[in-house]
Amino acid sequence: MLQQVMTEPKKIVFREIPIPEPKEQEVLVKIMKIGICGSDIHVYHGTHPFTSYPITQGHEVSGEIVKLGNKVEGFCVGQKVTIEPQVTCGTCYLCRTGKYNLCENLKVMGFQTTGTASEYFAVDADKITLLPEEISYDEGAMIEPLAVAVHAVNQSGDITDKNIVIIGAGPIGNLVAQAAKAKGARSVLVSDISECRLEIVRECGIDLVVNTKSKDFGEAVLECFGKDKADIIYDCAGNDVSIGQAIKYARKGSQIILVAVFGKMANVDLAVLNDHELDLNTTMMYRHEDYLEAIQLVKDKKINLVRLMTNHFSFKQYQEAYEYIDTNKENTMKVLIDVQE
Ligand SMILES: [Zn+2]
Ligand SMILES: [Zn+2]
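Residues numbered from 1 in each chain as written. Chains lettered and ligands numbered in written order. Predicted model: local features only at pLDDT ≥ 70, side-chain atom pairs only at ≥ 80, totals over all residues. Heavy atoms only, no water.

Asker: Looking at this structure, how should I read the coordination of the zinc ion (ligand 1)?
Answerer: Around a metal, the perfect tetrahedron of four donors has angles of 109.5 degrees, and the perfect octahedron of six donors has angles of 90 or 180 degrees. Summarising the metal site, the zinc ion (ligand 1) is bound by the protein donors Cys37 (SG), His59 (NE2) and Glu60 (OE), whose distances to it range over 2.1 to 2.3 Å. Mapped onto the sequence, the donors of the zinc ion (ligand 1) take the spacing C-x21-H-E. Placement of cysteine 37 in the loop between strand E3 (26-36) and helix H1 (38-45) and of glutamate 60 in strand E4 (residues 60-68) is noted, with a sequence separation of 23 residues between them. Here cysteine 37 falls in the buried class, since its relative accessible area comes to 14%. (Donors = N, O, S within 2.8 Å, 3.2 Å for Na, K, Ca; no water. Helix = DSSP H or I, 4+ residues; strand = E, 2+ residues; numbered from the N terminus. Buried < 20%, exposed > 50% of the residue type's maximum accessible area, 1.4 Å probe, protein only.)

Asker: Explanation requested: unusual backbone geometry in the structure shown.
Answerer: Leaving glycine aside, a negative phi is the common case for residues, and trans is the common case for peptide bonds. Geometrically, the link from tyrosine 53 to proline 54 is a cis peptide bond, its omega value of 0 degrees lying close to zero. Examined against the element boundaries, proline 54 turns out to sit in the loop between H1 and E4. Even without glycine at this site, glutamate 277 takes up a positive phi of about 45 degrees. Locating glutamate 277 in the fold gives a position in the loop between helix H9 (270-275) and strand E15 (279-282). Residue class for glutamate 277 comes out exposed when judged on its relative accessible area of 65%. Of note in the backbone geometry, methionine 285 takes a positive phi value of approximately 55 degrees without being a glycine. Its place among the elements puts methionine 285 in the loop between E15 and helix H10 (288-299). Residue classification places methionine 285 among the buried residues on the basis of a relative accessible area of 15%.

Asker: When you look at the pairing of strand E12 (residues 208-211) in this model, what are you seeing that I'm missing?
Answerer: Where a strand is regular, its side chains alternate between the two sheet faces. Looking at chain direction, strand E11 (residues 187-192) and E12 are connected through four bridges and run parallel. If you follow aspartate 192 over to E12, its bridge partner there is asparagine 211. Running through helix H6 (residues 195-203), the crossover from E11 to the neighbouring parallel element E12 is right-handed. (Pairing = 2+ DSSP bridges. Right-handed = clockwise from strand over helix to strand, strands pointing away.)

Asker: Just to check I follow, could you spell out the packing of aromatic side chains for this structure?
Answerer: Geometry of an aromatic ring pair is reported as the spacing of the ring centres plus the angle between the planes. Here the structure, examined in full by the defined rule, presents seven aromatic pairs. With centroids separated by 5.8 Å and ring planes inclined at 55 degrees, the aromatic side chains of phenylalanine 217 and tyrosine 249 adopt a geometry described as tilted. With a gap of 32 residues between them, phenylalanine 217 in helix H7 (residues 217-225) and tyrosine 249 in helix H8 (residues 240-249) connect regions that are remote in the sequence. Here the aromatic rings of phenylalanine 313 and tyrosine 324 are separated by 5.7 Å at their centres, their planes lie at 55 degrees, and the arrangement is tilted. Placement of the pair is phenylalanine 313 in strand E16 (residues 309-314) and tyrosine 324 in helix H11 (residues 318-327), with a sequence separation of eleven residues. Of the aromatic side chains, those joined through ring pairs into one cluster are Phe14, Tyr44, Phe315, Tyr318 and Tyr322. Over the ring of tyrosine 137 we find lysine 80, and its NZ or CZ is 4.8 Å from the ring centre. (Phe/Tyr/Trp six-rings, centres within 6.5 Å; stacked < 30°, edge-to-face > 60°. Lys NZ or Arg CZ within 6 Å of the ring centre and 35° of its normal.)

Asker: Looking at this structure, I do not really get the sheet that holds strand E13 (residues 232-235). What am I missing?
Answerer: Taken in spatial order, the six strands of this open sheet run E12-E11-E10-E13-E14-E15, and their pairing is parallel. Where the open sheet ends on each side, the last strands, each with one partner, are E12 and E15. Taking the axes of each pair of neighbouring strands and ignoring which way they run, one obtains an average angle of 20 degrees across the sheet. Two elements, strand E10 (residues 163-167) and E11, share five bridges in a ladder whose sense is parallel. Within the sheet, the bridge partner assigned to isoleucine 167 lies in E11 and is serine 191. (Axes fitted to C-alpha atoms, helices over the stretch in contact; angles between N-to-C directions.)

Asker: How should the pattern of salt bridges be read in this particular structure?
Answerer: Where charged atoms from two side chains of opposite charge approach closely, those side chains can pair. Under the defined criterion, the tally for this structure stands at 18 salt bridges. The partner of aspartate 207 in a salt bridge is lysine 181, and the shortest N-O contact between them spans 3.6 Å. One end of the pair, aspartate 207, is in the loop between H6 and E12; the other, lysine 181, is in helix H5 (residues 171-182), with 26 residues separating them in the sequence. Where glutamate 289 meets arginine 287, a salt bridge forms, and the shortest distance between an N and an O atom there is 3.4 Å. Using a relative accessible area of 14% as the deciding quantity, one classes arginine 287 as buried. Residues joined by salt bridges that share partners form a network here, namely Lys33, Asp138 and Asp338. (Salt bridge = Lys/Arg side-chain N within 4 Å of Asp/Glu carboxyl O.)

Asker: What should I look at first to understand the packing of helix H4 (residues 143-154) against H10 in this one?
Answerer: Between two packed helices, both the angle of their axes relative to each other and the distance between the axes serve to describe the pair. Contact pair H4 / H10: the axes reach a minimum separation of 8 Å and the direction vectors enclose 110 degrees. Comparing the axis directions of H4 and H10 gives the class roughly perpendicular. Between H4, through Ile143, Glu144, Leu146, Ala147, Val150, His151 and Asn154, and H10, the contact on the second element is made entirely by Asp290, Tyr291, Glu293, Ala294, Ile295, Leu297 and Val298. Residues of the contact of H4 with H10, tallied by class, amount to nine nonpolar, two polar and three charged. (Parallel < 35°, antiparallel > 145°, perpendicular 65-115°, else oblique. Contact = heavy atoms within 4.5 Å. Nonpolar A, V, L, I, M, F, W, Y, C, P; charged D, E, K, R; others polar.)

This is the structure in structure tokens:
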């Protein structure tokens, strides 16, 4: 079978290796689709702080079970699945107390351990989550980013009837907006400086958008929600401007969730954060329950994943996919790799 290997930044090769034999507790998955996300792009550019080369990528994935290890129970050949890419130690404080997304020894497939970008992938059965038949392989590969969004929204507790602002309309911002709406938010406003991304947000059923290139963020919040402003602001952009807007325009005593990953040290006004008793919270990846919730939301047709799919490349075109993303940054949301011919 073929396996993708990034040998150094911007250099992808394919090597021929034997199809792995699943160990006792493993299943063998025929990989169908892989999504490319912002973190993968950092690896491609050599700017991911926690990845070294060579590395096989792939962590947003769907496939079909083709073989079971001797001791695997509860799965069968032919099932449509996705894989949770966190490899955890199971023994640290966080693992012992259920917060394994924060494992002290966390390794993520495609970053610190071999990813799924191969025609077949053997993986521990406990990393497998079943996909219902009505969810396509394309959608299946997007359950991972949706689980990120679901976990982020769940960090704010019950959001029923809350007014929500999302800064940043990239794939994660878009999915946080859709997840917030699906989970009962009263009203959701999304801000960005890309008209194209805001249009996609609109087409995904979010009514309120603002382009902060042409309109002041604070004014837009007042216009949409009145003097009480928003109950929760999610920063899905992760730069000094976005977190600065969140802190400056948040209602006193309200909540800010930092979803995006900062590329460098932030320069923010902690005096205002403090004076306004703002509740700044963060979010890191997801856990199994977020996967289950994400799958249910898609099954219930409460989330539009298809509108986020920009285009497809074949497995051997992995490199072209990145080159395409680099030259079409503004207009690209989710690029998918069709692993099988
Ligand atoms: Zn990702
Ligand atoms: Zn651990």
